[in-house]
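# Survey of secondary and tertiary structure
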Amino acid sequence: MIKPAKIQWSDGSPVSTQFDDVYFSKISGIDETRYVFLQHNELTQRWIDSPQSVFTIAETGFGTGLNLLCTWQQWLEHSETHQALHFVSVEKYPLDKHSLSTALQQWPELQYLSDALISSYPALVPGWHRITLPRLSASSGDVILHLYLGDIADWLGQMTAQVDAWFLDGFTPARNPDMWSAHLFQTMAKLSHYHTSFATFTAASLVRRGLQAAGFKTQKAKGFGKKREMLYGQFNASQGPIAPSWLTYKPWFIPPAIHSENKQAIVVGAGIAGCSSAYSLAKRGWQVTLIDTHENVAAGASGNAQGVLYAKLASDMNIQSEFYLAGYLYSLELLKHVMPDKDNWDDCGVLQLAFNEKELKRQKQFCEKFNLSDVLTSVDEHQASELAGIELENGGLYFKNGAWVYPAAWCEALINQPNIQFLSQHKVTTINQDNFNQWQVDLMHLNTDPLNNEHTKQLTANVVIMCNAHEAKQLSPLTFLPTSPIAGQVSGLASEGIKLNTVLCGDSYVTPSHQGQLNFGATYRLKSTDCETTKDDHTFNLDKLTDNFPSVAIQVNSEGDINGRVSVRCSTPDYVPIAGAVCDEIQFKQQFSDLKKSKRWRFYEAAPFLKGLYLNLGHGSRGLSSAPLCAEFIAAQINDEPWPIIKTHAQMLSPNRFLVSQTIKGL
Ligand code: SAM
């Protein structure tokens, strides 16, 4: 649960009453940041010296975001040819939006940046928030804020990044020792490389010795303002090789990055997983060929007229729920970026109704325990009725920014970029890797005669992302995947003037009408790939509409022409999506056969990754909230950028989890 900052104001600046310390120097916070962090990490010079690259800064203590704003301002002035700045930060006691804007008011020269930060400031819920800040100059690259809301100790254990510069900015070590622990210094060493620098306002001997013990060369400089000294320095190259991360993290969860000048990728499957994967790579300068067997994007499970975007949470906040919450928030951000006008989506709110007292009580307790009020609240039947604009018999959970989306329009918007080429009506028949780590993808054109020269073709790329749901396991390196299809039917009735302001869901759903149609559903046909609509399924959906949402049902003519659509979702045995880099099945099972003796066996060598092959699939019926974040995670893995998800989630999503369990079982 997030605890807000306890502050009081002194001449317009926040002072922490909890730590009895200032957020920045009383003399001039802005000058302090420039002197201590920017100047002593030599940022300007480094950006000028190494153009074209991605630069990563990690900061301890986000506070008011002043360090971010000063860095961003300098970045805009000096990084014309850079691709992206990643600013990774942690904050346990975030300021609320109002306090943030009060604190930043005192810097008029940064106002254009503070306004942008304030409008992008995330919901105050725990975990990673990945925010692409608005582009304020056409020539400099994106600035991406990765803000982890939670305790620094959790952040250190969960972060994956290659850091170029550290800003150590906890409150003074004597009052805020958690921010200056040996764990911090050791983790810094693991995440640093031979040119990584650090700077901090303090010269406390505990900090200096801790950094030195972890392998940093430290130097003292005159401190800012009245401070006598400060520290800065570099990671010490003479310490020997940096420990590979799998000493603390299983080798099959750490894929190699793809260091290649030749940024050619193939994405297979043009649903929401494929389109968002193509988008995430294209944004990073990759040329992407997106392949699908159908003529148009979103022809499979992403093809319904309206999908619901919210986070289905377990009765307690488990790791799956945390992941879906993060995915939901990221999808909302992405929608705002790629579809700024809301013709084809609406964050009208989602009400997840409780159909009995027990469920309502559980939901209330959940809200009290986890306090996610920036995202969801518990409402009674009166509040729910007011929000929905119709009479409801039950209260429930209210996702205030929950949305419905027309997924095909979202997919179109994602791939509407010059460096994505959509190759429709092509089926991938084989994928093979050559000796130079290039993937050869054989394709068959479904709309040409087999005797035609155009019937087959081969494409080559160094990255392939398979986003073709349950069909992926038909290809030889992926036959081990235990995915299964679940067909499901949604129904729609022509409807004008239906009164319904929010999405309603429970064990079925209905969305506010779109383009003159009310859409509701859905059925589940386990292990089925049959895409015929049936009368029985329409009846089932209508019955659910009548039982669950009677005040909507009475507004429609259920005798009218009903239409619908069946699509096949791809599900996994653990109901968790599959996202990330994949290993070679045969080599994996040989190399790690000791797993049969003990699950806890420690391995010290790299896993046999099929370098360049990634999966983004198995999203069931929740792909709108999980697939885009998975796409961003995969793009971060490929480009060696800070991961937008915690390690626990990366591990949970890894395709290799099935190889581990199959090896343990001797399969
Ligand atoms: N860099 C900030 C800025 O630009 O405004 C100032 C940071 S302030 C000196 C230190 C920050 O560390 C505070 O925002 C505080 O809430 C945060 N903090 C303190 N203890 C923490 C902990 N255990 N984990 C994460 N953040 C913590």
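## Topic: the environment of Gly666
Structurally, the position occupied by Gly666 is in the segment after helix 19 (656–664). In the structure, Gly666 is positioned 71 residues away from Leu595 in sequence and 9.1 Å away in space, judged by C-alpha atoms.

## Topic: the packing of helix 10 (residues 319–338) against helix 13 (residues 407–415)
At their nearest, the axes of helix 10 and helix 13 sit 10 Å apart, and the two run at 65° to each other. If you check the angle between helix 10 and helix 13, you find them roughly perpendicular. For the element pair helix 10 and helix 13, the recorded crossing hand is left-handed. Mapping the contact onto sequence places Ser331, Leu334, Leu335 and Val338 in helix 10 and Trp410, Ala413 and Leu414 in helix 13.

## A word on the site of the ligand
If you check the shell around the ligand, you find 22 residues, and the closest are Glu59, Gly61, Thr64, Glu91 and Asp169. In the environment of the ligand, a nitrogen atom lies 2.7 Å from a nitrogen or oxygen atom belonging to the backbone of Gly61. Between the ligand and Asp151, the relevant distance is 3.2 Å, taken from a nitrogen atom to a side-chain nitrogen or oxygen of the residue. Isolated, the ligand exposes 600 Å² of accessible area, and the fraction of that covered by the protein chains is 98%. Of the residues belonging to the shell around the ligand, the class tally is eight nonpolar, eight polar and six charged.

## What about the pairing of strand 25 (residues 484–494)?
Buried residues dominate strand 25, accounting for ten of its eleven residues. Here ten bridges tie strand 25 to strand 30 (residues 562–571), and the two strands are oriented antiparallel to one another. Looking across to strand 30, one finds that Pro485 is bridged to Cys570. Bridge analysis of strand 25 against strand 29 (residues 525–526) gives two bridges, and the strand direction is antiparallel. Each bridged residue has a counterpart across the sheet, and for Ile486 the counterpart in strand 29 is Leu526.

## A few points about the packing of aromatic side chains
In this structure the tally under the stated criterion is 25 aromatic pairs. Taken together, a centroid distance of 5.2 Å and an interplanar angle of 90° make the contact between Trp47 and Trp75 edge-to-face. With Trp47 in helix 2 (residues 43–49) and Trp75 in helix 3 (residues 66–78), this residue pair connects regions lying 28 residues apart in the sequence. Judged by its relative accessible area of 1%, Trp47 is buried. Overall, the relative accessible area of 0% leaves Trp75 in the buried class. Here Tyr310 and Phe399 contribute two aromatic rings whose centre-to-centre distance is 5.5 Å and whose plane-to-plane angle is 80°, an arrangement assigned as edge-to-face. Separated by 89 residues along the polypeptide, Tyr310 in the loop between strand 14 (307–309) and helix 10 and Phe399 in strand 18 (residues 396–399) bring together distant segments of the chain. Each member of the pair Tyr310 and Phe399 is classed as buried. One aromatic cluster in this structure is built from Trp252, Phe253, Phe588, Phe592 and Phe603. Lying over the aromatic face of Trp345, Lys342 brings its terminal NZ or CZ to 5.1 Å of the ring centre.

## Here's the deal with unusual backbone geometry
Between Gly521 and the following residue, Ala522, the backbone shows a cis peptide bond with an omega angle of 0°. With respect to the helices, strands and loops of the structure, Ala522 is situated in the loop between strand 28 (517–521) and strand 29. Even without being a glycine, Gln515 presents a positive backbone phi close to 50°. In this structure, Gln515 sits in the loop between strand 27 (509–510) and strand 28. Of the residues examined, Gln515 reaches a relative accessible area of 67% and is grouped as exposed.

## Here's the deal with the nonpolar core
Judged by nonpolar contacts, the single largest core of 120 residues is most densely connected at Trp252, Tyr328 and Trp410. Per-element tally for this core: the top contributor is helix 10, with ten residues. The contacts of Tyr328, once residues within four sequence positions are left out, are Leu309, Tyr310, Ala311, Val375, Phe399, Asn401, Gly402 and Ser625. Ranked by size, the runner-up nonpolar core spans 79 residues in total, among them Tyr121, Trp155, Phe167 and Ala199.

## Thoughts on the pairing of strand 16 (residues 350–353)
Here strand 16 shows two buried faces, one formed by Val350 and Gln352 and the other by Leu351 and Leu353. Two strands pair when backbone bridges link them, and strand 16 and strand 18 are joined in this way by four bridges, in the antiparallel orientation. For Val350, the partnering residue across the bridge sits in strand 18 and is Phe399. Of the strand pairs in this sheet, strand 16 and strand 26 (residues 503–505) are connected by three bridges, and their pairing is parallel. If you follow Leu351 over to strand 26, its bridge partner there is Leu504.

## A few points about the pattern of salt bridges
Going through the model one piece at a time under the given rule, you end up with 16 salt bridges. Close ionic contact of Asp347 with Lys342 constitutes a salt bridge, the shortest N to O distance being 2.8 Å. When the shortest N-O distance is used, the salt bridge between Arg362 and Glu359 registers 3.0 Å. Of this pair, Arg362 and Glu359 are both found in helix 11 (residues 357–370), three residues apart, which corresponds to roughly one turn of the helix. On the accessibility criterion, Arg362 (23% relative accessible area) is partly exposed. One network of salt bridges, with partners in common, ties together Arg130, Lys283, Arg284, Glu632 and Glu641.

## A few points about helix 4 (residues 97–104)
Among all positions in helix 4, only Ser99, Leu100, Ala103 and Leu104 are buried. In a view along the axis of helix 4, the buried residues occupy a sector of 130°, so they form one face of it. Where helix 4 is buried, its residues contact strand 1 (7–10), strand 2 (13–16), helix 3 and helix 5 (111–120).

## Overview of the state of the cysteines
Applying the stated criterion across every chain, the model contains zero disulfides. The structure places no disulfide on Cys570, whose sulfur is separated from the nearest cysteine sulfur, that of Cys467, by 11 Å. Exposure remark for Cys570: the relative accessible area of 4% places this residue in the buried category.

Conventions used here
Residues numbered from 1 in each chain as written. Predicted model: local features only at pLDDT ≥ 70, side-chain atom pairs only at ≥ 80, totals over all residues. Heavy atoms only, no water. Helix = DSSP H or I, 4+ residues; strand = E, 2+ residues; numbered from the N terminus. Axes fitted to C-alpha atoms, helices over the stretch in contact; angles between N-to-C directions. Parallel < 35°, antiparallel > 145°, perpendicular 65-115°, else oblique. Left-handed = near helix turned anticlockwise from the far one by under 90°. Contact = heavy atoms within 4.5 Å. Near = heavy atom within 4 Å. Polar contact = N/O pair within 3.5 Å; in protein donor to acceptor, adjacent residues only side chain to side chain. Areas by Shrake-Rupley, 256 points an atom, 1.4 Å probe, with all protein chains shown as cover. Nonpolar A, V, L, I, M, F, W, Y, C, P; charged D, E, K, R; others polar. Buried < 20%, exposed > 50% of the residue type's maximum accessible area, 1.4 Å probe, protein only. Pairing = 2+ DSSP bridges. Phe/Tyr/Trp six-rings, centres within 6.5 Å; stacked < 30°, edge-to-face > 60°. Lys NZ or Arg CZ within 6 Å of the ring centre and 35° of its normal. Core = buried A, V, L, I, M, F, W, Y, C linked by side-chain atoms within 4.5 Å. Salt bridge = Lys/Arg side-chain N within 4 Å of Asp/Glu carboxyl O. Arc of directions from axis to C-beta. Disulfide = S-S within 2.5 Å.

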